[in-house]
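# Breakdown of the fold
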Amino acid sequence: MDKDKREHPEELTSSDQDYSRTDIPETTDTDDYTASEKAADAYETTFQGKQAAEIRNHQQETEISLTPLADERRYAGFWMRFWAYIVDLIVVFSLTGLIVKPFTMIDSFREATLWIWSVSGLLGGLVFFAYFLFMTKWRGQTLGKMIFGLRVIRKDGERLSWSDTLIREVVGRFIHRLLFLFFLYAVVAFTPRKQGLHDLFADTLVIHEKSHPA
């Protein structure tokens with residue numbers, strides 16, 4: 001009987017035809033599209049997961065690499081900076097003597113005043129501020145700091161700009177020197193990073209040069 005069915009398929013019964021139809025499931029273009037879309041979503045999810053993992057790993061490596069540099073900084077304390085400042089004062093007085101002293105031999109110049117200050121005093125102040133300003137901007141250290149191995153840096157490690165240097169060496173020192181508030185230098189001894197007021201104004205630090213990362 002089965003042989004007859006194979007030879008004469010047109011004679012299949014209705015039950016055989018129903019069985020044949022259920023035996024071969026139909027596929028549509030919609031099913032193919034859904035399958036490919038799912039595969040694409042799965043690939044995209046996997047790719048995004050890998051990217052997120054790589055970003056986390058990179059951030060961890062960056063934090064690990066930066067931590068030792070921050071720990072290696074040795075902040076200069078009050079007494080070290082005090083002795084460096086004494087050396088700088090000696091240098092400034094020497095420069096003032098070389099530059100301003102010849103003019104004081106002229107009576108009219110010596111007696112000239114501008115508001116409450118003498119002209120010779122103003123020139124001496126100009127030498128003082130110019131010395132600290134240009135040496136700090138040029139080298140990041142004055143002669144006194146060079147001798148004691150100290151350096152001025154920004155908190156973020158970037159190069160000192162003119163605005164940083166002006167705030168620190170002119171505005172900050174004006175407050176200390178011309179307003180007779182020398183005792184404010186003692187702030188260095190009580191701040192966590194050994195910062196004076198002029199350092200706090202300019203967001204700078206004074207560190208031992210050997211601890212400065214190359």
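For the structure, see preceding data.
Within every chain, residues take consecutive numbers counted from 1 along the sequence as written. In keeping with the model being predicted, local features are shown solely for residues with a pLDDT of at least 70 and side-chain atom pairs are shown and tallied solely at 80 or more, while totals for entire chains, interfaces and linings include all residues. The basis for every side-chain value is the complete set of heavy atoms in the structure, and neither hydrogens nor water enter the calculation.

## Section: the overall build of the protein
Put simply, DSSP marks the helices as runs of H or I at least four residues long and the strands as runs of E at least two long, and each gets a number from the N terminus on. When you go through the protein residue by residue, the secondary structure sums to 10 helices and 4 strands. In the protein, the succession of α and β elements from N to C terminus is α-α-α-α-α-α-β-β-α-α-β-α-α-β. When burial is assessed residue by residue, the protein has 27% of its 214 residues classed as buried. Partitioning the intrachain contacts of the protein with sequence separation of at least 6 by distance along the chain shows that 70% fall at a separation of at least 24. For the protein, the exposed area adds up to about 15000 Å²; of that, 63% sits on carbon and sulfur atoms. Each residue's exposure class comes from its accessible area (1.4 Å probe, protein chains only) as a fraction of the maximum for that residue type: buried when under 20%, exposed when over 50%, partly exposed otherwise. Only heavy atoms matter for contacts: two residues are in contact if any of them lie within 4.5 Å across the pair. Here the open area of atoms and residues is found with the Shrake-Rupley method and a 1.4 Å probe, where only the protein chains shown may cover a residue.

## Examining the nonpolar core
In terms of nonpolar packing, the biggest core is built from 10 residues, these being Tyr85, Leu89, Val91, Val92, Phe128, Phe129, Tyr131, Phe132, Met135 and Tyr185. Secondary-structure elements contributing two or more residues to this core are helix H4 (78–99) and helix H7 (119–139). Broken down by element, the residue count for this core peaks at 5 residues, all from H7. Those residues within four positions of Met135 in sequence are excluded, and the remaining contacts are Ala130, Gly140, Gln141, Thr142, Leu143 and Met146. We define a nonpolar core as any set of buried Ala, Val, Leu, Ile, Met, Phe, Trp, Tyr and Cys residues linked to one another through side-chain atoms lying within 4.5 Å. Ala76, Leu150, Val152 and Leu160 belong to the second-largest nonpolar core, a separate cluster that totals 6 residues.

## A closer look at the packing of H4 against H7
An axis is simply a line fitted to the C-alpha atoms; with a helix, the fit covers only the stretch in contact. Between two such axes, the angle follows the N-to-C directions and lies from 0 to 180 degrees. Look at H4 against H7: their axes get within 9 Å of each other, and the N-to-C directions meet at 130°. Classified by the interaxial angle, the pair formed by H4 and H7 is oblique. Considering the relative orientation of H4 and H7, their crossing is right-handed. Contacts between H4 and H7 involve Tyr85, Asp88, Leu89, Val91, Val92, Leu95, Thr96 and Ile99 on the former and, on the latter, Gly124, Val127, Phe128, Tyr131 and Phe132. Of the residues contributing to the contact of H4 with H7, the split by class is 10 nonpolar, 2 polar and 1 charged. Under this scheme an angle from 65 to 115 degrees is roughly perpendicular, one under 35 degrees roughly parallel, and one over 145 degrees roughly antiparallel; angles in between are oblique. Crossings are assigned a handedness: left-handed for a near helix turned anticlockwise from the far helix by less than a right angle, right-handed for a clockwise turn. Residue classes follow a fixed rule: Ala, Val, Leu, Ile, Met, Phe, Trp, Tyr, Cys and Pro count as nonpolar, while Asp, Glu, Lys and Arg count as charged, and any other residue, Gly among them, counts as polar.

## Considerations on the packing of aromatic side chains
In this scheme Phe, Tyr and Trp rings, the latter by its six-membered ring, pair at centre separations within 6.5 Å, and the angle between planes marks the pair as stacked below 30 degrees, edge-to-face above 60, and tilted otherwise. Applying the stated criterion across every chain, the model contains 10 aromatic pairs. Here Phe128 and Phe132 contribute two aromatic rings whose centre-to-centre distance is 4.9 Å and whose plane-to-plane angle is 55°, an arrangement assigned as tilted. Taken together, the positions of Phe128 and Phe132, both in helix H7 and 4 residues apart, correspond to about one turn of that helix. Each member of the pair Phe128 and Phe132 is classed as buried. Pairing Phe134 with Trp162 gives two aromatic rings, centres 5.9 Å apart and planes at 80°, and the pair type is edge-to-face. With Phe134 in helix H7 and Trp162 in helix H9 (residues 162–177), this pair connects stretches of sequence that are 28 residues apart.

## Re the pairing of strand E3 (residues 150–154)
The buried count for E3 comes to 5 of 5 residues, which makes it a mostly enclosed element. The alternating pattern of E3 places Leu150, Val152 and Arg154 on one face and Arg151 and Ile153 on the opposite face, and all of these are buried. In this scheme, strands are said to pair when DSSP sees at least two bridges between them. Pairing between E3 and strand E4 (residues 204–208): 5 bridges, direction antiparallel. Bridge assignment links Val152 to a residue of E4, and that residue is Val206.

## Considerations on the side chain of Arg73
Note on placement: Arg73 falls in the loop between helix H3 (29–72) and H4. Here the positive residues are Lys and Arg and the negative ones are Asp and Glu; neither His nor the chain ends is included. Every case where a carboxyl oxygen of Asp or Glu lies within 4 Å of a side-chain nitrogen of Lys or Arg is listed as a salt bridge. Asp156 provides the closest opposite charge to the buried, salt-bridge-free Arg73, at an N-O distance of 7.0 Å. Counted as a polar contact is a pair of N or O atoms within 3.5 Å, where, for protein atoms, one must be capable of donating a hydrogen and the other of accepting one, and residues adjacent in sequence contribute only when both atoms are in side chains. Polar side-chain contacts of Arg73 include one of 3.5 Å to the backbone oxygen of Lys155.

## Quick look at the pattern of salt bridges
As enumerated under the stated definition, the model contains 7 salt bridges in all. Put simply, Arg173 and Glu169 hold a salt bridge, and the shortest N to O gap is 2.6 Å. Here Glu169 and Arg173 lie together in helix H9, a separation of 4 residues that amounts to about one turn. Summarising the burial analysis for this pair, Arg173 and Glu169 share the class buried.

## Quick look at the environment of Gly149
Along the polypeptide, Gly149 turns up in the loop between helix H8 (143–148) and E3. Spatially, the C-alpha atom of Gly149 lies 9.3 Å from that of Ala84, the residues being 65 residues apart in sequence.

## Regarding unusual backbone geometry
Positive phi, close to 60°, is recorded for Lys194, a residue that is not glycine. With respect to the helices, strands and loops of the structure, Lys194 is situated in the loop between H9 and helix H10 (197–202). At Asp203, a residue that is not glycine, the phi angle is positive and equals roughly 55°. Within the element layout of this structure, Asp203 appears in the loop between H10 and E4.

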